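Examination of the molecular architecture
Given next are the chains, with one letter for each unit.
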Amino acid sequence: MNQEVIIVRGNHTLTGDVSVAGAKNSALKLMAAALLGQGATTLHNVPLISDIEIMSEVLERLGAAVTRDGHTLTIDTSAVDSCETPYELVSKMRASISVLGPLIGRFGEARVAMPGGCQIGARKIDMHLVGLEALGVAFDVDHGVLQATTPHGMRGAHVYLEFPSVGATENMLMASVTAEGHTAIENAACEPEIEDLANMLNAMGAKVSGAGTSLIEIEGVALDALHPCEHTCVGDRIEAGTFLVGGALTGGPVTVHGIDPAFLRMAIMKLRAMGCEVECGPDWVRVSRSEPLRSVDIQTLPHPGFPTDLQAQFMLLAALADDVSVITENVFENRFMFAAELMRMGADVTLDDHHAIVRGVSELEGAPVSSTDLRAGAALVLAGIVADGETSVHHLEHIDRGYEDYAGKLASLGADIRRVPADAVVG
Ligand code: EPZ
């Protein structure tokens, strides 16, 4: 498909109801976990996004059959006979590294190309390797390919993660379910997507407890004790948070459906601190605002701290708030590229190492802007909805990785927005 561009006009309108899709950062790992069961696993509430297509390609390359029916994915791993994931796929999506753990769990070996970094940081995997080595995995890197073997099998271990890495926790989890004996992962990541993965693994016959807390314990089972299952992916808390920021920007009210409000406690606390009214139901959150946006300080941290994946969206809110906000990015080393694009629209942001000092302005001006990463791109579109004039957002491939029908959902909330071929845009 040729390049497209989102054209959005500043009509300051987002009101109504919108439903989120399943969580990208869960669904990708649930798909990888299906490798641990011989047969057909069914996943519901899987988002229609390009990262899911790439993970499907990774699984098919391993020998699995992947079929989609709307938001339901069926993954038949009966014919999986390879444990190799080549660079051409890993370079398309670094989350492919999530097959490392289940391949080791199933075959006792794996050959996965080392993932590179990306715009937001080096994205190292040293903690993945240290954790897996504690289980008895031996690694060798041969021309950029990670070769994993388990010469003496895998035995449970007590592992302390140096940082509560989401990916390292997940790979440890998916490998240790077939490691002999007891495994404990201390300082584990506590993100809701980890709990979702553990629930699926338990439905497959694994014995995992404590997921969602910083101490996860696993009793290893024999590989043939693991079986396919049917599982529904949790709602995407970052997609939900993105639409809630949209409602906070325009005044709303915007109601986001299909999300557990407990996943968004910190973001909801910050929305209220900025002057928004937020109501919560069992699977929905409503935001509205009738008073000026108030400045706020934000520290991004592992869950339950403020999510780094909502940092750009809240920087946009802060850019239009009264007074000065300080946003500190503690998770990734280079996640302020959004600021440069926002400044082109008239925002007043000063970057100092991992702090962004954001002085509120009364208005932003529409401009041609470029997505630098998934969440920055989504925030730039929101900026266009509250800017004066027209904004064109380029490099939509970033947005399409993680947001299903983003422009369509915003249009359903009243945004003046359309996707057009890039060559149709003048200037
Ligand atoms: C997951 O990335 C998400 N991606 C990210 O979402 C999210 O921002 C991140 O978790 C934090 O919540 C997926 O789930 C596909 P980490 P992950 O391992 O697993 C460093 C989005 O926009 N680190 O918790 O890679 C790492 O470099 C994306 O949807 C090491 O140094 O996150 C980073 O600075 C962006 N060594 C920090 O830790 C390691 O071995 C957090 O990484 C592992 C990580």
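Keep in mind that what you see is a predicted model, and the values were worked out from it rather than measured. Here the residue numbering is sequential within each chain, running from 1 through the sequence in written order. Local features in this predicted model are restricted to residues whose pLDDT is 70 or higher, and side-chain atom pairs enter the listing and the counts only when it is 80 or higher, whereas totals over whole chains, interfaces and linings include all residues. Only heavy atoms go into the side-chain values, all of them from the structure, while hydrogens and water stay out.

Some thoughts on the overall build of the chain
Secondary structure elements follow DSSP: runs of H or I of four or more residues count as helices, runs of E of two or more count as strands, with numbering from the N terminus. Looking only at helices and strands, the chain features 14 helices and 26 strands. Rg of the C-alpha trace for the chain: 22 Å, near the compact-globule value of 22 Å for 427 residues, within the 12% margin. C-alpha extents for the chain along the principal axes are approximately 65 × 40 × 40 Å. Classification of residues uses two cut-offs on accessible area relative to the type maximum, computed with a 1.4 Å probe and protein chains only: under 20% is buried, over 50% is exposed, and between them is partly exposed. Per-residue burial for the chain yields a buried fraction of 56% across its 427 residues. The contact criterion used throughout is that any non-hydrogen atoms of two residues lie within 4.5 Å. Put simply, 72% of the contacts in the chain that link residues at least 6 apart link residues at least 24 apart. Per-residue accessibility takes into account occlusion by the displayed protein chains alone, with areas from the Shrake-Rupley method and a 1.4 Å probe. Carbon and sulfur atoms make up 50% of the accessible area of the chain, which totals about 16,000 Å². Each radius of gyration is computed over the set of C-alpha atoms, and the globule rule expresses the reference value as 2.2 Å times the number of residues to the power 0.38.

Focus on the site of the ligand
The environment of the ligand is made up of 25 residues, and the closest members are D126, M127, S165, D309 and V331. One nitrogen or oxygen atom from the main chain of M127 is found 2.7 Å from an oxygen atom belonging to the ligand. N or O atoms within 3.5 Å of each other form a polar contact, as long as, within protein, one can give a hydrogen and the other can take it, and as long as residues adjacent in sequence are counted only when both atoms are side-chain atoms. One nitrogen or oxygen atom from the side chain of R375 is found 2.8 Å from an oxygen atom belonging to the ligand. Alone, the ligand offers 830 Å² of accessible surface; in the complex the protein occludes 88% of this. Mapped by element, the contributors of at least two residues to the shell around the ligand are α1 (24–33), α5 (126–134), α6 (166–176) and α12 (374–385). Note on residue categories: nonpolar means Ala, Val, Leu, Ile, Met, Phe, Trp, Tyr, Cys or Pro, charged means Asp, Glu, Lys or Arg, and polar means any other residue, Gly included. Its residues assigned to classes, the shell around the ligand comprises 9 nonpolar, 5 polar and 11 charged. For the domains described, the bounds stem from an automatic or database domain assignment. Per-domain counts for the shell around the ligand show at least three residues from each of domain 1 (4–20 + 235–424) and domain 2 (24–232). Any residue with a heavy atom lying within 4 Å of a molecule or strand is counted as near it.

A few points about the packing of aromatic side chains
For any pair of aromatic rings, the description rests on two quantities: the centre-to-centre distance and the angle between the ring planes. Ring pairs shown here join Phe, Tyr and Trp side chains whose ring centres sit within 6.5 Å, with only the six-membered ring taken for Trp; geometry is labelled stacked below 30 degrees between planes, edge-to-face above 60, and tilted in between. A complete count under the given rule lists 3 aromatic pairs for this structure. Ring geometry for F306 versus F314: centroids 4.9 Å apart, planes at 85 degrees, classification edge-to-face. Note on accessibility: F306 and F314 belong to one class, buried. Seen from their ring centres, Y403 and Y406 are 4.8 Å apart, and the 50 degrees between their planes marks the pair as tilted. The same class applies to Y403 as to Y406, namely buried.

Considerations on the packing of α5 against α6
Contact geometry for α5 and α6: axes closest at 8 Å, N-to-C directions at 25 degrees. Considering their axes alone, α5 and α6 lie roughly parallel with respect to each other. The way α5 lies across α6 gives a crossing that is right-handed. From α5, M127, H128, G131 and L132 reach across to α6, where they touch G167, A168, N171, M172 and A175. When the residues that make up the contact of α5 with α6 are grouped by side-chain class, the tally is 5 nonpolar, 4 polar and no charged. The axes are straight lines fitted to the C-alpha atoms, using for helices just the contacting stretch, and the angles between their N-to-C directions are given from 0 to 180°. If an angle is under 35 degrees, it is roughly parallel; if it is over 145, roughly antiparallel; if it lies from 65 to 115, roughly perpendicular; otherwise it is oblique. We call a crossing left-handed when the near helix sits turned anticlockwise from the far one by less than a right angle, and right-handed when that turn is clockwise.

So, the sheet that holds strand β12 (residues 207–209)
Pairing within the open sheet is mixed, and its 4 strands lie in the order β10-β11-β13-β12. Bordering the open sheet on either side are β10 (158–160) and β12, each of which pairs with just one other strand. Within the sheet, the average angular offset between the axes of one strand and its neighbour, ignoring direction, is 15 degrees. Pairs of strands are assigned from DSSP output, requiring at least two bridges between the strands. In the sheet, strand β11 (residues 182–186) pairs with strand β13 (residues 215–219) via 5 bridges, with the strands oriented antiparallel. Residue pairing for β13: H182 is matched across the bridge by E219. Relative to the sheet, α6 contacts β10, β11, β12 and β13, its axis offset from that of β11 by approximately 175 degrees.

Brief notes about the side chain of E191
Locating E191 in the fold gives a position in the loop between β11 and α7 (192–203). For the purpose of counting charges, residues Lys and Arg are taken to be positive, whereas Asp and Glu are taken to be negative. His and the chain ends are not included. Between Lys or Arg on one side and Asp or Glu on the other, a salt bridge is scored when a side-chain nitrogen of the former is within 4 Å of a carboxyl oxygen of the latter. Buried and unpaired, E191 has R237 as its nearest opposite-charge partner, separated by 4.7 Å. Within the structure, the side chain of E191 is placed 3.1 Å from the backbone nitrogen of H303, a separation counted as a polar contact. Setting aside anything within four residues of it in sequence, one finds E191 in contact with V166, R237, P302 and H303.

Overview of unusual backbone geometry
Residue P253 follows G252 across a cis peptide bond; omega there is 5 degrees. With respect to the helices, strands and loops of the structure, P253 is situated in the loop between α8 (237–250) and β15 (254–257). Following H303, the chain continues into P304 via a peptide bond in cis, with omega recorded as 10 degrees.

As for the domain arrangement of the chain
Each assigned domain of the chain is listed with its residue range as follows: domain 1 (4–20 + 235–424) and domain 2 (24–232). One C-alpha centre belongs to domain 1, the other to domain 2, and the line joining them spans 31 Å. Tallying the contact residues gives 21 residues for domain 1 and 20 residues for domain 2. The largest contributions to the domain 1 side of the interface with domain 2 come from H303, R401 and E404, which together make up 33% of the buried area. Taken together, the connections running from domain 1 to domain 2 amount to 2 salt bridges. Where R237 meets E193, a salt bridge forms, and the shortest distance between an N and an O atom there is 2.8 Å. By definition, the buried area sums, over both parts, the 1.4 Å-probe accessible area that each loses when the two are put together.

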